[in-house]
Amino acid sequence: MDNQPKLYLIAAMSENHVIGKENHLPWHLPDEWKHFKKVTNGKPFLMGRKSYDAPDALHSTYRNVILTEHPETYPNPETQFATDLHTAMALLREENEVFVLGGASVFVQTLPLAEKLFLTIVHAEVEGDAYFPEFDLKDWDLISSEFHGIDEDHKHAFSMNLYVRKKPEI
Ligand SMILES: NC(=O)c1ccc[n+]([C@@H]2O[C@H](COP(=O)([O-])OP(=O)(O)OC[C@H]3O[C@@H](n4cnc5c(N)ncnc54)[C@H](OP(=O)(O)O)[C@@H]3O)[C@@H](O)[C@H]2O)c1
């Protein structure tokens, strides 16, 4: 492929890497959600079909490319579908930056290609059935981290971290 957009993964995970339970977010953190919306505002999204269908899903107001093996079941003309990652990246090749919104299966496939991780760490051990993939912090520079404490609207504290992949040493 000629032009490749930069891929930015955006996710919130617990200390034990949980990102979801029964196709829902396993927490309610309104200020984290605001941060999520602010960072991704107006950007193209790439995501898996289950995350797209989740009741608490965030959809791009600009462009959504959804990975699914069953695109014919979706009548929404404003959203594009791709039956594999290569096709999705070809659809998005004119974009400069694409946010990957998950879920677990799509994070696994795209983490090796990602340049940035907008990764919120929810400071709790949480039960779930969807996980952010393991990754080696040594491969990433922590550029910024904003801590949010517990309050009446936020049952868990969390840190909104931005990691950038280290450049390979020559
Ligand atoms: N905390 C967070 O930041 C965050 C963010 C997003 C999602 N989540 C959570 O993550 C969970 C969902 O993750 P998940 O892994 O179960 O589902 P997912 O990755 O959202 O979607 C999986 C589906 O995407 C399609 N797909 C994925 N890769 C594909 C490929 N290479 N080619 C064609 N189709 C492909 C398939 O759809 P078809 O079955 O239609 O073929 C597959 O069943 C939910 O619990 C959600 O709440 C959490």
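Residues numbered from 1 in each chain as written. Predicted model: local features only at pLDDT ≥ 70, side-chain atom pairs only at ≥ 80, totals over all residues.

Description of the overall build of the protein chain
Which entries qualify depends on this criterion: In this description a helix means any DSSP run of H or I spanning at least four residues, a strand means any run of E spanning at least two, and both kinds are numbered starting from the N terminus. Within these notes, the globule rule equals 2.2 Å times the number of residues to the 0.38 power, and the radius of gyration is based on C-alpha atoms. Counting other C-beta atoms within 10 Å of each residue's C-beta, where C-beta atoms are placed from the backbone, gives the exposure class: buried for 20 or more, exposed for 12 or fewer, partly exposed between. Residue pairs qualify as contacts under a 7 Å threshold applied to their C-beta atoms, which are placed from the backbone.
A count of helices and strands for the protein chain gives 4 helices and 10 strands. Each helix and strand of the protein chain, ordered N terminal to C terminal, gives the series β-β-α-β-α-β-β-α-β-α-β-β-β-β. The C-alpha atoms of the protein chain give 16 Å as radius of gyration, which agrees with the globular expectation for 170 residues (15 Å, within 12%). For the protein chain, the spread of C-alpha atoms along the principal axes amounts to about 45 × 40 × 25 Å. Among the 170 residues that make up the protein chain, the fraction classed as buried is 32%. Put simply, of all contacts in the protein chain between residues at least 6 apart along the chain, 70% involve residues at least 24 apart.

Focus: the site of the ligand
Applied cut-off: Being near a molecule or strand means, for a residue, that its C-beta atom, positioned from the backbone, comes within 6 Å of it. Note on residue classes: Ala, Val, Leu, Ile, Met, Phe, Trp, Tyr, Cys and Pro are nonpolar, Asp, Glu, Lys and Arg are charged, and everything else, Gly too, is polar.
For the ligand, the set of nearby residues contains 27 residues, the closest of which are Gly20, Gly48, Ser51, Gly102 and Gly103. For the shell around the ligand, the secondary-structure elements that each account for two or more residues are strand E1 (6-14), strand E2 (18-20), helix H2 (49-53) and helix H4 (104-110). Looking at side-chain class alone, the shell around the ligand contains 11 nonpolar, 12 polar and 4 charged residues.

Concerning the pairing of strand E4 (residues 63-67)
The test is simple: By the convention used here, strands pair only if DSSP detects at least 2 bridges between them.
Judged by how many residues are buried, E4 sits mostly within the fold: 4 of 5 residues are covered. With 5 bridges connecting them, strand E3 (residues 44-48) and E4 associate as parallel partners. Residue pairing for E4: Pro44 is matched across the bridge by Arg63. Note: E4 against strand E5 (residues 79-82), 4 bridges, orientation parallel. Note that in E5 the partner of Ile66 across the bridge is Phe81.

Some details on the sheet that holds strand E10 (residues 158-165)
We apply this condition: Here the axes come from fitting lines to C-alpha atoms, over the contacting stretch only for helices, and the angles between their N-to-C directions go from 0 to 180 degrees.
Here 8 strands make up an open sheet; going across it, the order is E5-E4-E3-E6-E1-E7-E10-E9 and the pairing mixed. Unpaired on one side and paired on the other, E5 and strand E9 (140-148) mark the two borders of the sheet. If you compare each strand with its neighbour and ignore which way they point, the axes differ by 20° on average. Relative to E1, helix H1 (residues 30-40) is tilted by about 180°, and along the sheet it contacts E1, strand E6 (97-100), strand E7 (116-122), E9 and E10.

A closer look at the nonpolar core
Most often, soluble globular proteins have nonpolar side chains that are buried together. Quick note on the threshold: Remark: nonpolar core denotes a set of buried Ala, Val, Leu, Ile, Met, Phe, Trp, Tyr and Cys residues whose joining runs through C-beta atoms within 7 Å.
Ile10, Ala11, Met13 and Val100 are the most contacted members of the largest nonpolar core, which has 38 residues in total. For this core, the leading source of residues is E1, giving 7 residues. Each residue touching Met13, except ones within four places of it in the same chain, is listed here: Val18, Ile19, Leu119, Ile121, Val122 and Phe132.

A closer look at H1
Stated precisely, the cut-off is as follows: The directions from the helix axis to the C-beta atoms are what the arc is built from.
Among all positions in H1, only Glu32, Phe36 and Thr40 are buried. Down the axis of H1, the buried set is contained in an arc of 60°. They therefore lie on one face. Of the residues in H1, the exposed ones pointing more than 90 degrees away from the buried face are Pro30, Lys34, Lys37 and Lys38. Those residues of H1 that are buried are in contact with E1, E6, E7 and E10. A positive backbone phi angle near 75° is found at Gly42, which sits one or two residues after H1.

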